[in-house]
Amino acid sequence: MTDAAELRRRTAELLAAHPPAGTDPLDFLRARFDAGLAWVHYPEGLGGLGAPRSLQAVVDAELEAAGAPDNDPRRIGIGLGMAAPTILQYGTEEQKRRFLPPLWTGEEVWCQLFSEPGAGSDLAALGTRAVREGEDWVVTGQKVWTSSAHVARWAILIARTDPDVPKHRGITYFVCDMTDPGVEVRPLRQITGEAEFNEVFLTGVRIPDAHRLGEVGDGWRVAQTTLNNERVAIGGMRLPREGGMIGPAARTWRERPGLRTHDLHQRLLKLWVEAEVSRLTAERLRQQLVAGQPGPEGAGMKLAFARLNQEISGLEVELLGEEGLSYDDWTMRRPDFVDFTGREAGYRYLRSKGNSIEGGTTEVLLNIVAERVLGLPTEPRTDKDVAWKDLAR
């Protein structure tokens, strides 16, 4: 049984063999993966040691204290939080060994090809087609709101493989090569002026059957693993006290007393308490993951994340008055990741508007919480047993 003492010993051996100060960061990350210290709860040979998930914090603390490089998780968050757990659960041994090491080290960035112009909130209505040709699948369609598509090497993709069955049953899950000549990525400029999102056009993209995850037609079930992990990754991220959006607002309050009013003080106190409750609830959710896979509770955390970000950023703009309306740079850029706390209040206010859309809209997540957490009656679904090809579009 791998315990905390054993993990500290293994971490010390890694640091002795690969001193961070004199080792190329990528070489260090590769060595860390090979030592089983990437995801300690993953199987041996796949970046882990089969240890309890809760012991990852032991390794992380030792490496941080030693000044070891990390894998820049903000840049590769989709790979870490969504692709990796799905590959681990449904991938073949060959797929796991091919995709997981460069995913974790950051050598290969991943994106998610799920949403479509006509299938956002109703994702199961997607129309991107995948047709079998020998040992390949030929994929044609359009995806939208694709974060990091402009820098991604691989994508997790769901496509319709059988239009003659109800919409949830005719979907298959694939790993798509973003360098295929049939993949076209176009930027979507956002209210912030940046284009971290993209729309992706797939024209005759060939995906080998060896890059299919799960059984043919079982893609909806595989996708639920991805979506549940996505919501935990967004809403349940590990933060210190006053981490995230509440931090800049609290600092402004402390450092600039001339901006204070009684009303703003009361609102800030309320949001500070809610942010701390949300942070501790997220920690409890992560501890529950030790015993199994993420469930619908992640939807509740993602709901809280979106609402708090929008309310806190709105308060911060009000606190700053006219200064809060300024914006430093409208230059069209295609960033590698979202930097909520590294920019000014105006950016946070504008960017947080997307929090209630990305990772599942607020309306969809409220339904998930109502039906799957609270056990309330489900909404009527007249298309449940209708073949996808017969649905009104």
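Shown above is the structure to which this text applies.
To keep things clear, this report deals only with the structure shown in the data block. (Residues numbered from 1 in each chain as written. Predicted model: local features only at pLDDT ≥ 70, side-chain atom pairs only at ≥ 80, totals over all residues. Heavy atoms only, no water.)

1. Notes on the overall build of the protein
Okay, so step 1: A tally of regular secondary structure across the protein gives 11 helices and eight strands.
Okay, so step 2: Relative to the 2.2 N^0.38 estimate, which gives 21 Å for 393 residues, the radius of gyration of the protein is 22 Å and therefore close to what a compact globule would have.
Okay, so step 3: Overall size of the protein, expressed as C-alpha extent along the three principal axes, is 70 × 55 × 45 Å.
Okay, so step 4: Classification of the 393 residues of the protein by burial places 51% in the buried group.
Okay, so step 5: For the protein, the exposed area adds up to about 18500 Å²; of that, 53% sits on carbon and sulfur atoms. (Helix = DSSP H or I, 4+ residues; strand = E, 2+ residues; numbered from the N terminus. Rg over C-alpha atoms; globule rule 2.2 N^0.38 Å. Buried < 20%, exposed > 50% of the residue type's maximum accessible area, 1.4 Å probe, protein only. Areas by Shrake-Rupley, 256 points an atom, 1.4 Å probe, with all protein chains shown as cover.)

2. Structural notes on the pattern of salt bridges
Okay, so step 1: With the rule as written, the count across this model stands at 37 salt bridges.
Okay, so step 2: With its nearest N and O atoms 3.3 Å apart, the salt bridge here joins Arg 74 to Asp 339. Taken together, the residues span a long stretch of sequence, with Arg 74 in the loop between helix H3 (56-65) and helix H4 (77-90) and Asp 339 in the loop between helix H9 (297-320) and helix H10 (345-351) at a distance of 265 residues.
Okay, so step 3: Asp 339 sits in the partly exposed class, given a relative accessible area of 23%.
Okay, so step 4: In this structure, a network of salt bridges that share partners links the residues Glu 6, Arg 9, Arg 10 and Glu 13. (Salt bridge = Lys/Arg side-chain N within 4 Å of Asp/Glu carboxyl O.)

3. Re a nonpolar patch on the surface
Okay, so step 1: Taken together, the side chains of Val 373, Leu 374 and Leu 376 present a nonpolar region at the surface, about 270 Å² in accessible area.
Okay, so step 2: Along the chain, Leu 374 turns up in the segment after helix H11 (362-373).
Okay, so step 3: Owing to a relative accessible area of 56%, Leu 374 belongs among the exposed residues under this scheme. (Patch = residues over 30% accessible without salt bridge, like charges linked within 9 Å, V, L, I, M, F, W, Y side chains within 5 Å.)

4. A look at the environment of Glu 135
Okay, so step 1: Within the secondary structure, Glu 135 sits in the loop between strand S2 (129-133) and strand S3 (136-143).
Okay, so step 2: Separated by 71 residues in sequence, Glu 135 and Glu 64 place their C-alpha atoms 46 Å apart.
Okay, so step 3: Those residues in contact with Glu 135 that sit more than four places away from it in its chain are Ile 207, Pro 208 and Asp 209. (Contact = heavy atoms within 4.5 Å.)

5. What about the state of the cysteines?
Okay, so step 1: Within the structure shown, the criterion is met by zero disulfides.
Okay, so step 2: As a non-bridged cysteine, Cys 111 has Cys 176 as the owner of its nearest cysteine sulfur, 7.7 Å distant.
Okay, so step 3: Its relative accessible area of 0% is what places Cys 111 among the buried residues.
Okay, so step 4: A relative accessible area of 1% means that Cys 176 is categorised as buried. (Disulfide = S-S within 2.5 Å.)

6. With respect to the pairing of strand S7 (residues 197-208)
Okay, so step 1: Pairing between S3 and S7: seven bridges, direction antiparallel. What sits directly across from Trp 137, in S7, is Ile 207.
Okay, so step 2: Pairing between strand S6 (residues 183-188) and S7: six bridges, direction antiparallel. What sits directly across from Glu 184, in S7, is Phe 201. (Pairing = 2+ DSSP bridges.)

7. With respect to H4
Okay, so step 1: Over its 14 residues, H4 extends 19 Å from the first C-alpha to the last, a length consistent with the 20 Å expected when each residue adds 1.5 Å.
Okay, so step 2: Bending of H4 peaks at approximately 40 degrees at the position of Ala 83, with proline Pro 85 no more than four residues after it.
Okay, so step 3: Most of H4 sits inside the fold, with 11 of its 14 residues counted as buried.
Okay, so step 4: Those residues of H4 lying buried are Ile 78, Gly 79, Leu 80, Gly 81, Met 82, Ala 83, Ala 84, Pro 85, Thr 86, Ile 87 and Tyr 90. (Expected span 1.5 Å × (residues − 1). Bend = angle between axes of the 7 residues up to and from the residue.)

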